[in-house]
Amino acid sequence: MSQINMDASMRFEKDTRPLPDLVPDRSIVLVGLMGAGKSCIGRYLAQRLRLPFVDSDSEIENAAGCSIEDIFELYGETAFRECERRVLTRLLTGRPHIIATGGGAFMDPETRAQISKTGASLWLKADLDVLLKRVSRRNNRPLLKQGDPKEILKTLIEKRYPVYEQANIIVESEDVPPDETVNRVLSALKNHFEDTPSLTEDKL
Ligand code: S3P
């Protein structure tokens, strides 16, 4: 019979980390190009704010029962975008999370409108060299397989950066340790929430 190897003291270990001094009343939605660091920074940020983390690409894969690559190959990009929109709508209606989105999600007007209504968008802005270095670590992004990744990223920067500009908060994602970027994100979020009425006040 299998046995759970954990004694009672471990199960109820007290969390001694200091309470975060920022308690967002809405989800923080990380946007930006492939390689901007949305999933990596999102995970650290969630730990610091003690919020659940969710990655929209993983949610899409769970819902579809196959990988993003397979969805593109079997059903095409349009079907993927449709699925992405539905998944994000669902994620945005729950309690506050840190949400890492796929690079194309914020380009969809409906998704953007939904994010601006119920969440706070944060663009992790990275330059071409940083993106290129990071995306070359994995070979599972269908859009980058359609030609020279550098040229594709350049085109996407031209097309998408003017739209990402519309995010509520912009933080530079440079080639520095994640902790440094997370600190920048936290201070940008604090400034943002100081100046932003809470969702309940919005509705008054
Ligand atoms: C895409 C980015 C990917 C993934 C899909 C399409 C895009 O996510 O959603 O391959 O359109 O930029 P990451 O940005 O997490 O790599």
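Here we summarise the structure given alongside this text.

Definitions and limits used
Residues numbered from 1 in each chain as written. Predicted model: local features only at pLDDT ≥ 70, side-chain atom pairs only at ≥ 80, totals over all residues. Heavy atoms only, no water. Near = heavy atom within 4 Å. Polar contact = N/O pair within 3.5 Å; in protein donor to acceptor, adjacent residues only side chain to side chain. Areas by Shrake-Rupley, 256 points an atom, 1.4 Å probe, with all protein chains shown as cover. 1 Å grid on protein atoms, 1.4 Å probe; cavity = no way out; pocket = protein on both sides within 12 Å on 5 of 7 lines; lining within 4 Å. Sits in = over half its atoms within 2 Å of the grid points. Nonpolar A, V, L, I, M, F, W, Y, C, P; charged D, E, K, R; others polar. Pairing = 2+ DSSP bridges. Helix = DSSP H or I, 4+ residues; strand = E, 2+ residues; numbered from the N terminus. Axes fitted to C-alpha atoms, helices over the stretch in contact; angles between N-to-C directions. Phe/Tyr/Trp six-rings, centres within 6.5 Å; stacked < 30°, edge-to-face > 60°. Buried < 20%, exposed > 50% of the residue type's maximum accessible area, 1.4 Å probe, protein only. Salt bridge = Lys/Arg side-chain N within 4 Å of Asp/Glu carboxyl O.

**Concerning the site of the ligand**
Okay, so step 1: Every one of the 13 residues lining the ligand counts as a neighbour, but Lys 38, Asp 57, Arg 81, Arg 141 and Arg 160 are closest to it.
Okay, so step 2: In the model, an oxygen atom of the ligand is placed 2.8 Å from a nitrogen or oxygen of the Asp 57 side chain.
Okay, so step 3: At a separation of 3.4 Å, an oxygen atom of the ligand approaches a polar backbone atom of Gly 104.
Okay, so step 4: In isolation the ligand offers 380 Å² of accessible surface; the protein chains occlude 94% of this area.
Okay, so step 5: In this structure the site holding the ligand corresponds to the largest pocket.
Okay, so step 6: Here the shell around the ligand is built from residues that sort into five nonpolar, three polar and five charged.

**Observations regarding the sheet that holds strand β4 (residues 119-125)**
Okay, so step 1: Read from one edge to the other, the open sheet built from five strands follows the order β2-β3-β1-β4-β5, with strand pairing classed as parallel. With partners counted over all chains shown, the strands left at the sheet margins are β2 (53-55) and β5 (169-172), one partner each. Taking the axes of each pair of neighbouring strands and ignoring which way they run, one obtains an average angle of 25° across the sheet.
Okay, so step 2: Relative to β4, strand β1 (residues 27-31) runs parallel, the two being bridged by five bridges. Of the residues in β4, the one forming a bridge with Val 29 is Ser 121.

**With respect to the packing of aromatic side chains**
Okay, so step 1: Per the stated rule, a full pass over the model turns up four aromatic pairs.
Okay, so step 2: For the pair Trp 123 and Tyr 161, a centre-to-centre distance of 4.8 Å together with 75° between the ring planes defines the contact as edge-to-face. Linking Trp 123 in strand β4 with Tyr 161 in helix α8 (residues 149-164), this pair joins segments that are 38 residues apart in sequence.
Okay, so step 3: Accessibility expressed as a relative area gives 11% for Tyr 161, which makes it buried.
Okay, so step 4: Ring geometry for Tyr 161 against Tyr 164: centres 5.8 Å apart, planes inclined by 45°, an arrangement best described as tilted. With a gap of three residues between them, Tyr 161 and Tyr 164 both fall in helix α8, about one helical turn apart. In this structure, Tyr 161 and Tyr 164 share a single accessibility class: buried.

**Here's the deal with the pattern of salt bridges**
Okay, so step 1: Summed over the entire model, instances satisfying the criterion amount to 13 salt bridges.
Okay, so step 2: Linking Glu 82 and Arg 85 is a salt bridge whose minimum nitrogen-to-oxygen distance equals 2.7 Å. Of this pair, Glu 82 and Arg 85 both sit in helix α5 (residues 77-92), separated by three residues, roughly a single helical turn.
Okay, so step 3: Judged by its relative accessible area of 33%, Glu 82 is partly exposed.
Okay, so step 4: Residue Glu 151 pairs with Lys 154 through a salt bridge whose shortest N-O separation is 3.6 Å. With Glu 151 and Lys 154 both in helix α8 and three residues apart, the pair spans about one turn of that helix.

**What about the side chain of Arg 26?**
Okay, so step 1: Structurally, the position occupied by Arg 26 is in the loop between α1 (8-11) and β1.
Okay, so step 2: In this structure Arg 26 comes out as buried when scored by relative accessible area, which is 7%.
Okay, so step 3: Here Asp 25 takes part through its side chain, which lies 3.0 Å from a polar atom of the side chain of Arg 26.

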